[in-house]
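One-letter residues, chain by chain:
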Amino acid sequence: MNDSAESSNVIKVPIDKLALGMFVIAIDHQNGKVAIRNPGQIKYRDAIVKLKANNIALVWVDIERSSDTCGLKKAERASSASSLLMRKATVTRDGQRGQAKKLLAEAKGLIKKVMSETFEGKAIEVGQFEDVADKMIESVMDDADAFKCISALRSKDAYLLEHSINVAFLLVTFGKHLKLDRELLKQMAVGGILHDIGKIKVDNEILHKPGKLTPEEFEHMKLHQFYAIEIMNETTGLSQVSKDVCLMHHEKLDGRGYPNGLKDEQLPQHGRMSCIVDIFDALTAARCYKEAMSPAAAFKILISLTPFHLDQKLVYEFIRCVGIYPVGSLVQLSDLRVGIVWDAKGRDALHPIVKCFYSIKHKHYTEVTMVDLLKSELNIERGVSPSMLDVDPSPFY
């Protein structure tokens, strides 16, 4: 080891040359290199003054983890690295987004068609749903993040269609997390796609009312599950698991749910899962009468509904499965920029790659940049929803 470098990334810097943004990992004493307890970027000049006051003459600095503006990196190199990260993330995601969009459009078209046929009294053909369910499982097994980003682009006017697809997708994702077998995942997905089929017979004015339902209207809305029972009974080839997912998502562990008032052991695991997923997706969706809730806020409500309504153990497993900051959700970073959680594969929940596009501090859109929180001093401050900021994130997905 020589005085100029320990490796290509770590160098020894005289205290007089130490600048803001440099990432200090150790100090140099007469006895050699001594690691410091809290390595990090120099944020304030006071830190440099303290080092000098303690007669520190040399420090060890990690170039890669230092800021792009501290003078250690050539501007073009930093720019090139950032562009490469953006390009790599975009190219990979664009291909997967294309496949996810195609699947979403196919599923929407199928649900629309079947709802129309069901309204006309025609029987449901289960096979076509199984085909979509298979593709959905492939999507989750391959890269669930692409579908998460696409499903985050939701329309208030298409809630019923998108909610059905998202419930199915979340059930598959949750089931994969719990290591359920593929056939069970398929049956759950079919049930998820069909879980609100009874709403086709609910009065349209009540179904799309832009406000809170009266007690009488709510009782009418609850009939969608009784209509679903009739539809399920007339459908051949539908598995019991698919029927359970469809008919149990409004049941409660204490027996106060509907349509059958089931309780405790009467509700199998897949039925309990459908309750959790249905509520979570409804909370995080924008409706004509309410704004979307952030995932973190929705998690708090799910927890508050345990153990009388929802299965507590499964709720915590669901939170672990989805993550505190799911891919596709919006987050605020410590520098007051807002971005989309873009990639979290192989990372812990607090260090995803974030696609930043807006500044709360300056109240305007910014140049789009990819921030890798594993290599940055920045951190996530909180999850946010578009309504909290009055911005439209959809062009950036």
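What to know about the overall build of the protein
For the protein, the helix and strand inventory stands at twelve helices and nine strands. For the protein, the proportion of its 397 residues judged to be buried stands at 50%. Considering only contacts within the protein whose residues lie at least 6 apart along the sequence, 63% involve residues at least 24 apart. Carbon together with sulfur atoms contributes 52% to the accessible area of the protein, which is approximately 20,000 Å² in total.

Examining the packing of helix H9 (residues 269-283) against helix H10 (residues 295-304)
One can describe the packing of H9 onto H10 by two numbers: an axis separation of 9 Å at closest approach and a directional angle of 140°. Taken together, the axes of H9 and H10 lie oblique to each other. Crossing angle aside, the handedness with which H9 passes H10 is right-handed. Only Pro295, Ala298, Phe299, Ile301 and Leu302 of H10 make contact with H9, whose side of the interface consists of Ile276, Ile279, Phe280 and Leu283. A class-by-class count of the residues in the contact of H9 with H10 yields nine nonpolar, no polar and no charged.

Some words on the confidence of the model for the protein
When pLDDT is averaged across the protein, the result is 85; 87% of the residues are at 70 or more. Looking at the elements of the protein, mean pLDDT is at its lowest for helix H2 (residues 75-119), recorded as 66, and at its highest for H9, recorded as 97. In the model, residues 1-6 has pLDDT below 50 throughout and makes eleven contacts with residues more than four positions away in sequence or in other chains.

Points about the packing of aromatic side chains
Aromatic rings considered in pairs are described by the distance between their centres and by the relative angle of their planes. Counting across every chain of the model gives eight aromatic pairs. Arranged with centres 5.3 Å apart and planes meeting at 15°, the rings of Phe280 and Phe299 form a pair that is stacked. Highlighted residues: Phe280 in helix H9 and Phe299 in helix H10, separated in sequence by 19 residues. With a relative accessible area of 5%, Phe280 lands in the buried category. Assessed through its relative accessible area of 5%, Phe299 is described here as buried. Each ring, one from Phe357 and one from Tyr365, has its centre 6.3 Å from the other, and the planes form 25°; the classification is stacked. With relative accessibility at 41%, the residue Tyr365 sits in the partly exposed group. Of the aromatic side chains, those joined through ring pairs into one cluster are Phe174, Phe280, Phe299 and Phe318. It is Lys222 that lies over the ring of Tyr258; its NZ or CZ is 5.1 Å from the centre. The residue whose ring lies beneath Lys355 is Trp342, and the NZ or CZ to ring-centre distance is 4.3 Å.

Thoughts on the sheet that holds strand E5 (residues 330-333)
In spatial order, the strands read E8-E7-E6-E5-E9; together these five strands make up an open sheet with antiparallel pairing. Taken across any chain shown, the strands that pair with only one partner, and hence form the sheet edges, are strand E8 (364-372) and strand E9 (380-384). Geometrically, the sheet is characterised by an average inter-axis angle of 30° between neighbouring strands, direction not taken into account. Pairing geometry for strand E6 (residues 337-343) and strand E7 (residues 353-359), over six bridges, is antiparallel. Bridging from a neighbouring strand, Arg337 pairs with Ser359 of E7.

Observations concerning helix H8 (residues 240-248)
When you tally the buried positions in H8, you get seven out of nine residues, the bulk of the element. Taken residue by residue, H8 has Val241, Ser242, Asp244, Val245, Cys246, Leu247 and Met248 as its buried positions. Against the buried residues of H8 lie helix H4 (159-177), helix H5 (182-194), helix H7 (215-233) and H9.

Comments concerning the pairing of E8
One ladder, built from six bridges, connects E7 with E8; its direction is antiparallel. In the sheet register, Lys355 faces E8, and the bridge partner there is Met370. Turn length for the E7-E8 hairpin, with the two strands adjacent in sequence and antiparallel, is four residues, and the turn residue Lys363 shows positive phi of about 55°.

So, the nonpolar core
In this structure, Phe129, Ile197, Phe280, Leu302 and Phe318 are the most contacted members of the largest nonpolar core, which totals 63 residues. Looking at this core, the element that brings in the most residues is H4, giving ten residues. Other than its neighbours up to four places away in sequence, Phe129 contacts Leu110, Val114, Ile124, Val190, Ile193 and Leu194.

Topic: the pattern of salt bridges
It is possible for side chains of opposite charge to pair when their charged atoms get near one another. This model, assessed by the stated rule, comprises 15 salt bridges. Between Lys222 and Glu219 there is a salt bridge, with the nearest N and O atoms lying 3.4 Å from each other. One end of the pair is Lys222 and the other is Glu219, both in helix H7 and three residues apart, which spans about a single turn. Judged by relative accessible area, Glu219 falls into the partly exposed class, the value being 46%. The closest approach of N and O atoms between Arg347 and Asp372, which form a salt bridge, is 2.8 Å. Of this pair, Arg347 sits in the loop between E6 and E7 while Asp372 sits in strand E8; the two residues are 25 residues apart in sequence, bridging distant segments of the chain. With a relative accessible area of 22%, Arg347 lands in the partly exposed category.

Each value, and the rule that gives it
- Residues numbered from 1 in each chain as written.
- Predicted model: local features only at pLDDT ≥ 70, side-chain atom pairs only at ≥ 80, totals over all residues.
- Heavy atoms only, no water.
- Helix = DSSP H or I, 4+ residues; strand = E, 2+ residues; numbered from the N terminus.
- Buried < 20%, exposed > 50% of the residue type's maximum accessible area, 1.4 Å probe, protein only.
- Contact = heavy atoms within 4.5 Å.
- Areas by Shrake-Rupley, 256 points an atom, 1.4 Å probe, with all protein chains shown as cover.
- Axes fitted to C-alpha atoms, helices over the stretch in contact; angles between N-to-C directions.
- Parallel < 35°, antiparallel > 145°, perpendicular 65-115°, else oblique.
- Left-handed = near helix turned anticlockwise from the far one by under 90°.
- Nonpolar A, V, L, I, M, F, W, Y, C, P; charged D, E, K, R; others polar.
- pLDDT = per-residue confidence, 0-100.
- Phe/Tyr/Trp six-rings, centres within 6.5 Å; stacked < 30°, edge-to-face > 60°.
- Lys NZ or Arg CZ within 6 Å of the ring centre and 35° of its normal.
- Pairing = 2+ DSSP bridges.
- Core = buried A, V, L, I, M, F, W, Y, C linked by side-chain atoms within 4.5 Å.
- Salt bridge = Lys/Arg side-chain N within 4 Å of Asp/Glu carboxyl O.

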